[in-house]
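# Observations on the model geometry
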Amino acid sequence: MKRIILGMAIVFAIFAGVVFYLERPERTQVVVIGAGASGISAAIEAKQAGLSVVLLEKMPRVGGNSQWATGGINGVHSQVQVESKTIDSEELYLADTLAAGHYQNKRHLAQILVEESGEAIDWLSSLGADLTDIGRLAGSRVDRAHRPSGGAPVGSEVMRVLGQQVTALGIDLRLENKVIELLHNDAGTKVEGVLVRNQEGREYEIMADVVVIATGGFGGSPERFVAYNPNLKGYKTTNHAGATGDYIDLVADLPIELVDMAMIQAHPTVEPNFGVLITEAIRGNGGILVNLEGNRFIDEMAFRDVLSAEMRKQTEGESFLIFDESIRMGLSAADTYIRQDLVMEADSIQSLATVLGVEESRLRRTIQKYNGFVAGGGDPDFGRRDLPVQLAQPFYAILVQPGVHYCMGGLPINEHAQVMGLAGDPIEGLYACGEATGGIHGNNRLGGNSLTDAIVFGRIAGQSAVGVNR
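Nothing here was measured: the structure is a model prediction, and the numbers come from that model.

## Remarks on the overall build of the chain
Scanning the chain from terminus to terminus reveals 15 helices and 19 strands. Taking 2.2 N^0.38 as the reference for a compact globule, 470 residues should give roughly 23 Å; the C-alpha atoms of the chain span a radius of gyration of 25 Å, in line with that estimate. A principal-axis box enclosing the C-alpha atoms of the chain has dimensions of 105 × 40 × 40 Å. Put simply, the chain has 470 residues, and 58% of those count as buried. For the chain, the share of sequence-separated contacts (at least 6 apart) that also reach a separation of at least 24 residues comes to 72%. A total of about 19,200 Å² of accessible surface is found on the chain, and carbon and sulfur atoms cover 51% of it.

This is how it looks when you write it as structure tokens:
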């Protein structure tokens with residue numbers, strides 16, 4: 001009998017030990033939440049420094065909104081820009097960034113964005129990214145938006161090389177693993193790990209010295225963006241379905257005050273039927289906007305918030321983005337829109353007017369007048385500074401309206417990408433980067449600064465994690 005009892009005790013002990021082992025939390029040095037451009041940049045920096053890294057992504061694939069970025073990534077004094085002999089400076093770039101944000105930016109963060117931008121471009125290029133084409137996006141006074149040769153979309157190229165690095169470095173990437181809770185001390189002043197739910201619904205803990213929040217913004221959740229800014233009710237969005245602002249729930253019980261949450265940017269040119277973002281580069285390369293009556297009504301390169309507000313005032317809140325063959329040939333992204341059947345084509349102004357349903361004489365006058373401005377080197381009607389080309393047949397047009405695009409608000413961070421608490425001190429062990437942060441862009445983001453932000457502050461977050469683990 002004693003042997004039976006002893007045997008049962010041993011079996012129970014072994015079983016209990018196995019259960020304890022299975023339920024024991026994992027341990028790593030760095031956990032990164034979100035596998036977009038900012039999160040992967042942070043993971044790469046930490047991994048290259050020899051740290052153990054777990055990269056968690058709730059969606060079935062990496063990329064987030066970064067994958068769909070089109071127009072370019074800003075950078076000053078990159079090797080490509082220097083070789084192009086473009087005259088630019090950190091002072092000019094910072095001035096454009098602050099002006100776009102209506103001077104509500106956290107200046108010290110915007111300064112870091114600018115100072116590190118050229119190095120961010122060169123870093124991506126060193127990883128194999130083609131960023132050899134330079135153009136101009138809305139709000140910039142010079143060409144500093146880098147993109148692949150031929151004007152191809154930039155986001156997929158950036159994510160291609162970042163994804164390759166994840167594989168090459170052997171980073172522990174876990175898709176369809178959603179962080180549902182931050183593990184922290186009772187006071188909420190120190191984050192110690194994460195609670196994760198995997199694709200089978202099993203929950204498990206990972207303890208870490210550093211947790212980096214890189215979940216992106218909440219532009220993919222109409223419920224959330226309307227709650228923060230009711231004026232956006234009814235807007236379509238350019239965001240992917242996973243951009244639901246998960247960080248908001250993750251930090252809800254920490255002593256943190258989110259900043260600038262009502263500051264949500266509408267992108268001026270979104271195709272209204274399918275919500276496809278139409279790259280700003282078409283306007284940057286010389287395209288114009290006309291309303292449903294066939295008239296220009298604004299400087300096409302105005303800041304995004306100004307342009308979006310004016311477009312909303314036009315009939316039905318819609319406009320036509322008109323460009324020509326020379327612009328199409330310089331931007332392979334335009335061919336993507338043609339393949340998606342979003343583009344109306346015409347071989348003359350007369351046929352363009354018919355296709356658009358506008359009065360021919362008015363549209364002809366609009367285009368001829370604009371071409372005259374290009375020839376004369378100035379736009380007395382709306383003050384457009386950059387007038388690259390006269391428009392000539394054949395013509396192309398896309399129906400567009402503003403759509404929710406980018407969230408300027410989020411977690412407050414310092415220059416080391418540490419998340420700041422209400423007491424003015426960093427939350428120990430908690431970092432953030434990318435669109436989950438607030439303060440860098442003010443109340444309106446300069447076109448081309450989103451990927452710059454993601455790479456610059458993603459790398460800073462990863463480098464800061466190295467400092468914690470020294």
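## Concerning the packing of helix α2 (residues 37-48) against helix α6 (residues 154-169)
Two elements in contact, α2 and α6, have axes separated by 10 Å at closest approach and are oriented at 35 degrees. The handedness of the crossing between α2 and α6 comes out as left-handed. Residues Ala37, Ile40, Ser41, Ile44, Lys47 and Gln48 of α2 touch α6, and the partners they reach there are Met159, Leu162, Gln165, Val166 and Leu169. Residues belonging to the contact of α2 with α6 are distributed by class as follows: 7 nonpolar, 3 polar and 1 charged.

## Comments concerning the pattern of salt bridges
Going through the model one piece at a time under the given rule, you end up with 25 salt bridges. With its nearest N and O atoms 2.7 Å apart, the salt bridge here joins Arg141 to Asp96. With a gap of 45 residues between them, Arg141 in the loop between β4 (133-135) and β5 (145-147) and Asp96 in helix α4 (residues 90-100) connect regions that are remote in the sequence. One salt bridge connects Asp133 with Arg147, and the closest N-O pair in it is separated by 3.1 Å. Of this pair, Asp133 sits in strand β4 while Arg147 is found in strand β5, placing the two residues 14 residues apart along the sequence. Here Asp133 and Arg147 have matching classes, each one buried. Each of Asp88, Asp96, Arg141 and Arg144 takes part in salt bridges that share partners, so that together they form one network.

## Considering the environment of Glu205
Along the chain, Glu205 turns up in strand β9 (residues 203-213). Apart from residues lying up to four places away in sequence, Glu205 is in contact with Pro25, Glu26, Leu183, Val194 and Leu195.

## Examining the nonpolar core
Counting residues in each nonpolar core, the largest one holds 91 residues, and the members touching the most others are Leu124, Leu162, Leu182, Val194, Ile213, Leu430 and Phe457. Discounting chain neighbours no more than four positions away, the residues touching Leu430 are Leu182, Val191, Val211, Ile213, Leu254, Ile256, Ala417, Gln418 and Val419. Grouped together as the second largest cluster of nonpolar side chains are 43 residues, Ile282, Val374, Tyr396 and Val400 included.

## Section: the side chain of Thr269
Position of Thr269 relative to the elements: it lies in strand β10 (residues 264-271). With relative accessibility at 0%, the residue Thr269 sits in the buried group. A polar side-chain atom of Thr269 sits 2.8 Å from the main-chain carbonyl oxygen of Ile278. If near-sequence neighbours (up to four positions away) are discounted, Thr269 is found in contact with Val276, Leu277, Ile278, Arg283, Leu289, Val400 and Gln401.

## Digging into the pairing of strand β15 (residues 395-407)
Among the 13 residues that make up β15, 13 are buried, leaving the element largely enclosed by the rest of the structure. One ladder, built from 5 bridges, connects β10 with β15; its direction is antiparallel. Residue pairing in the sheet places Ala266 in a bridge with Val404 of β15. Examined bridge by bridge, strand β13 (residues 319-324) and β15 share 6 bridges and lie antiparallel to one another. Note that in β15 the partner of Ile322 across the bridge is Ala397. Relative to β15, strand β14 (residues 344-346) is paired through 3 bridges, and the arrangement is antiparallel. Each bridged residue has a counterpart across the sheet, and for Ala346 the counterpart in β15 is Phe395.

## Here we look at the sheet that holds β5
In space, the 3 strands of this open sheet follow the order β3-β5-β4, with antiparallel pairing throughout. Sheet topology places β3 (73-74) and β4 at the edges, where each strand pairs with a single neighbour. Pairing between β4 and β5: 3 bridges, direction antiparallel. Opposite Gly135, over in β5, you have Ala145 as the bridge partner.

## Some thoughts on the state of the cysteines
What the rule picks out here adds up to 0 disulfides. Unpaired in this structure, Cys407 has its nearest cysteine sulfur neighbour in Cys433, at a distance of 16 Å. In this structure Cys433 comes out as buried when scored by relative accessible area, which is 0%.

## Some thoughts on helix α12 (residues 332-339)
Residues separated by three or four positions in an α-helix point in the same direction, a consequence of the helix having 3.6 residues per turn. For α12, the set of buried residues is Ala333, Ala334 and Tyr337. Along the axis of α12, the buried positions cluster into a sector of 105 degrees, meaning they face one direction only. The inward-facing, buried residues of α12 abut β11 (276-277), α9 (281-284), β13, α11 (325-330) and β15. Of the residues trailing α12, Asp341 is marked for its positive phi of about 65 degrees.

Reading the values: rules and limits
Residues numbered from 1 in each chain as written. Predicted model: local features only at pLDDT ≥ 70, side-chain atom pairs only at ≥ 80, totals over all residues. Heavy atoms only, no water. Helix = DSSP H or I, 4+ residues; strand = E, 2+ residues; numbered from the N terminus. Rg over C-alpha atoms; globule rule 2.2 N^0.38 Å. Buried < 20%, exposed > 50% of the residue type's maximum accessible area, 1.4 Å probe, protein only. Contact = heavy atoms within 4.5 Å. Areas by Shrake-Rupley, 256 points an atom, 1.4 Å probe, with all protein chains shown as cover. Axes fitted to C-alpha atoms, helices over the stretch in contact; angles between N-to-C directions. Left-handed = near helix turned anticlockwise from the far one by under 90°. Nonpolar A, V, L, I, M, F, W, Y, C, P; charged D, E, K, R; others polar. Salt bridge = Lys/Arg side-chain N within 4 Å of Asp/Glu carboxyl O. Core = buried A, V, L, I, M, F, W, Y, C linked by side-chain atoms within 4.5 Å. Polar contact = N/O pair within 3.5 Å; in protein donor to acceptor, adjacent residues only side chain to side chain. Pairing = 2+ DSSP bridges. Disulfide = S-S within 2.5 Å. Arc of directions from axis to C-beta.

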